[in-house]
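Coordinate inspection notes
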Amino acid sequence: MLALHNLSKRYGVTEAVKSVSLTARPGSVLGLVGENGAGKSSLIKMIAGVEQPTAGHVALDGGALTLRDTNDALRHGIASVFQELTLLRSLSVQDNLLLTDGPRHAWRSLNRRQGRSVAVEVLRRYELTMAPDAPVRALPLGAQQMLEVVRAVERRPKVLLLDEATSALGAHEVEWMVRLVERLRQHGVIMLFISHRWDQIVRFSTRVAIMRNGELVGEADTRTLSEADAIQLMTGESFEASFPRRPPAGDEIVLRARDLHSSALRGVSFDLRRGEVLGLGGLIGQGQGALLEALFGAHPLQSGTIEMAGRTLRLANPAMAIRAGLAYVPQDRKTEGLLLDKSIRVNMTLAILRRLAGIVGFIDREQEQTLVAAAIERLHIEARSPQDRVQTLSGGNQQKVLLEKWLQTRPVALLLNDVTRGVDIGTKRQIYNAIAACAAQGAAVILYSTDTLELVGLARRVLVFKEGRVNQSLAGEAITSQEIVRASLVRGGADARRVA
Amino acid sequence: MRGVWLSRLRLEENWPVLTFVALLLLDVALKGRFSRFDLQTLCANALPLALISFGQFFVVLTGGIDLSLGPISSVAGSCAALLLARDMTTGFAVALLAGAAAGLGNGLLVVRFALPPIVVTLGSMSVWQGVALLILPNPGGEVPPELSDFLSSDYGVPTSLAALALAWLAASWVTSTRFGLHLRAIGDDETAARMSGVAVPRVKTAAYVLAGATAAAGGVTLAIATSSGSPTVGDDYILLSVATVVLGGVSLGGGVGNALGVVMGALIVTIIGSLLYFAHLSSFYQSIINGVILLAVVASPSVRNWIGLQFRRLRHAG
């Protein structure tokens, strides 16, 4: 049995976790929900050994634990998976599995064939279909998360902690996870997991604990608690308020894509209108990300044309795309979007320095300061000053900085690649508002999201992808969760060859 | 059709081997012969470079770089030249332990104080250059002739070839162990490696120790091959060892590379030297040509990708 006794964590003057006590029996799955800054991650990190509590303690099977780091926690049977993956990206799937599953002896050669059979056996046992030789970086994010979970489970933990570790799983992968959770439950593993996706909380957990402002505000059986009630407990507001009003789309076509082909795309055509929010849906890795990257000049096309304002664009690199008025917010903000070591100010104005520069090239500091201060206020970015390094911000706030960086460029078309992954409901709402405001000002937005509710709430049209094609195009009333899921599974939808 | 056999050769992985084979063929064609003696000379010349480069290889796999390996090999060679004639066991032991100790110093500074490897080893490079001159102010010392004879002997297989093969096997064994996997993991992403349960400080320190000892072995080999010690003999290898691993397909970013590539890198550098010597060109050209080949190798994947992409585009359009 896992027990938390008056666990508290204080960072400087902020009390992140205020005396939380909680127990979990073997075989129970506890979903932990709450807004960003509610203290969920801090709580999990104390159990995982990443952070040390300022007061209180963690006890496992009656004995109090003092955990110095994650390896220490592992020795006590506590394994954790965080949103930030710990996979080695340029190593193969096999090597990644061997890193935790390999022989214990440091100097015994890992015979290649033997190593492979270990890896193949692990993959088979967990019903994973990825090739053992594939470098991890070539896998879609969902598959990477599955691999990360498998690595943690392979350590045979008594307690498994998942902190936004399942955020990129698609519909099929969630089913896989449900089976795995069931199996672990039968083996008496205690699971604690954080997710901002209610569908996952419902599928995985037996109980839900709700946190607000560092305190535990409620605990309930998952079956008796509705999402609306949970959100009310988390925020004190209702669910419908999450999405802003959708602005009407204009008639003017700002971007015309025709018959795009690449290693991941098989003939994609569509028109994008001024002020429109165009959603991209479907299972993970069906070409949605590749399409966005292609439009941003970061994914080479083999054929097809992209037209903006009547001119065919040559998009050989992101610089060309930026000049044409495109802006792209990537999925992995850590590696693709932000200079983590630099301040909020530097990150926000990096893309518009040309506009801020005077005649001789000096940056107009005053203008820069007003601009950054206004953005911090508008997006409710929680930071002490614009000089704070981005690294010190929470994930949601980092995402807002990244979004703002591109909004500042006043793009003609804004390309968003699953930008609310692992972000809490409060921050999500602020991001939704920013997207809607951007569209209302006349920008066109292409929004790819793994969260279908988001597409339902924000998009006027949804292109559902399958195998590099638009499988079906949904508009207006037809955009519902069920409809999107259906359209992502049907074979060769009616719209596969048409211009959407 | 051309694309088919090109892809079958798998240029991406086999680049170092193919370059070496091409250069060897060129060498044979120009000289019109390839005797047992030529093979023996080639291997004997490549052996010290290969050993020092293996040292570099272990450090580069972790994403670091070691500029002190050349001078460490000078120190080891100087110790060997002073001690081997008196007592062989002591000579070898002192030389190798000196190398390992020097590596331990680098490792502790890099790990304990979280200093950048390039700065730490730049400093220790200078230190060991000085120490080598203190030990052996002038080239000299003495190496038992039987050792030098052994290195240039031929028992059915040239000893130098056997030694090179042995070094390769040893290095491949190291990279195939759990320790080797940990080296690559650290080079790929240190934080992720730590979170995956790799004892990062210990493994990283061990990499520098191993590098120091391996480079020391290279220095001893140099002393044996030239029958004497020189306090500055290792200076040439400071950057040459870095160039060699890169030529061998090892990524300076860390995490990528194999031992066969390093052997090939050493052989490539050596054979270019021999070709230039044969052509009566000054050794200054060696430096230029090494540099050009290095740049060609580093640039080749992107150049090939670019050509491949244009080719696919053309085919798609046609």
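Within any chain, residue numbers begin from 1 and follow the written order of that chain's sequence. Written order decides the labels, with chains lettered from A and ligands numbered from 1. Local features in this predicted model are restricted to residues of pLDDT 70 or higher, and side-chain atom pairs are both shown and tallied only at a pLDDT of 80 or more, whereas totals for entire chains, interfaces and linings draw on every residue.

Section: the sheet that holds strand β19 (residues 461-466) of chain A
Whenever strands of a sheet pair, they do so through backbone hydrogen bonds, lying parallel or antiparallel. All names here are of chain A. Strands pair, by our definition, only if DSSP identifies at least two bridges between them. Put simply, DSSP marks the helices as runs of H or I at least four residues long and the strands as runs of E at least two long, and each gets a number from the N terminus on. Ordered in space as β16-β17-β18-β13-β19-β20, the six strands form an open sheet in which the pairing is mixed. The two strands at the open ends of the sheet, each matched to only one other strand, are β16 (326-329) and β20 (469-475). Strand after strand, the sheet turns through a mean of 20° between neighbouring axes, direction not considered. Summarising the sheet, strand β17 (residues 413-417) and strand β18 (residues 444-448) pair through five bridges and their orientation is parallel. Looking across to β18, one finds that N417 is bridged to Y448. Orientation is described by axes fitted as lines to C-alpha atoms, over the contacting stretch for helices, and by angles from 0 to 180 degrees between their N-to-C directions.

Quick look at the packing of helix α3 (residues 36-61) of chain B against helix α4 (residues 69-83) of chain B
All names here are of chain B. Contact geometry for α3 and α4: axes closest at 10 Å, N-to-C directions at 135°. Taken together, the axis directions place α3 and α4 in an arrangement best described as oblique. Note that α3 runs across α4; the crossing there is right-handed. Along the contact surface, α3 presents I52, G55 and Q56, while α4 presents L69, G70 and S73. For classification purposes, an angle smaller than 35 degrees is called roughly parallel, one larger than 145 roughly antiparallel, one from 65 to 115 roughly perpendicular, and anything else oblique. Each crossing is labelled by how the near helix is turned from the far one, with a counterclockwise turn of less than a right angle marking it left-handed and a clockwise turn marking it right-handed. Contact between two residues is assigned when their C-beta atoms, built from the backbone, lie within 7 Å.

Here we look at the domain arrangement of chain A
Interfaces are frequently sized by the accessible area removed from exposure as the parts join. Residue and element names in this part refer to chain A. An automatic or database domain assignment supplies the residue ranges for each domain. Taken domain by domain, chain A holds domain 1 (2-90 + 135-237) and domain 2 (242-489). A separation of 30 Å is found between the C-alpha centroids of domain 1 and domain 2. Between domain 1 and domain 2, the residue contacts involve 19 residues of the former and 19 residues of the latter. Of all the secondary structure elements, the ones that give two or more residues to the side of domain 1 that touches domain 2 are α5 (141-153), α6 (171-186) and α8 (227-235). Per-element tally for the side of domain 1 that touches domain 2: the top contributor is α8, with three residues. The residue inventory of the side of domain 1 that touches domain 2, partitioned by class, reads six nonpolar, nine polar and four charged. All amino acids are sorted into three groups, where Ala, Val, Leu, Ile, Met, Phe, Trp, Tyr, Cys and Pro are nonpolar, Asp, Glu, Lys and Arg are charged, and the leftover types, Gly among them, are polar.

Observations regarding the pairing of strand β1 (residues 2-11) of chain A
Residues and elements named next belong to chain A. The pairing of β1 with strand β2 (residues 14-24) spans seven bridges and is classified as antiparallel. By the bridge assignment, L4 is partnered in β2 with L22. Strand direction decides the pairing type here: β1 and strand β4 (residues 55-60), joined by five bridges, are antiparallel. Paired with L2 across the two strands is L60, which belongs to β4.

Focus: the sheet that holds strand β14 (residues 303-308) of chain A
Sheet architecture is open: four strands sit in the order β12-β11-β14-β15 (chain A), paired in antiparallel fashion. Edge positions in the sheet fall to β12 (266-273) and β15 (311-312) of chain A, since each of these pairs with one other strand and no more.

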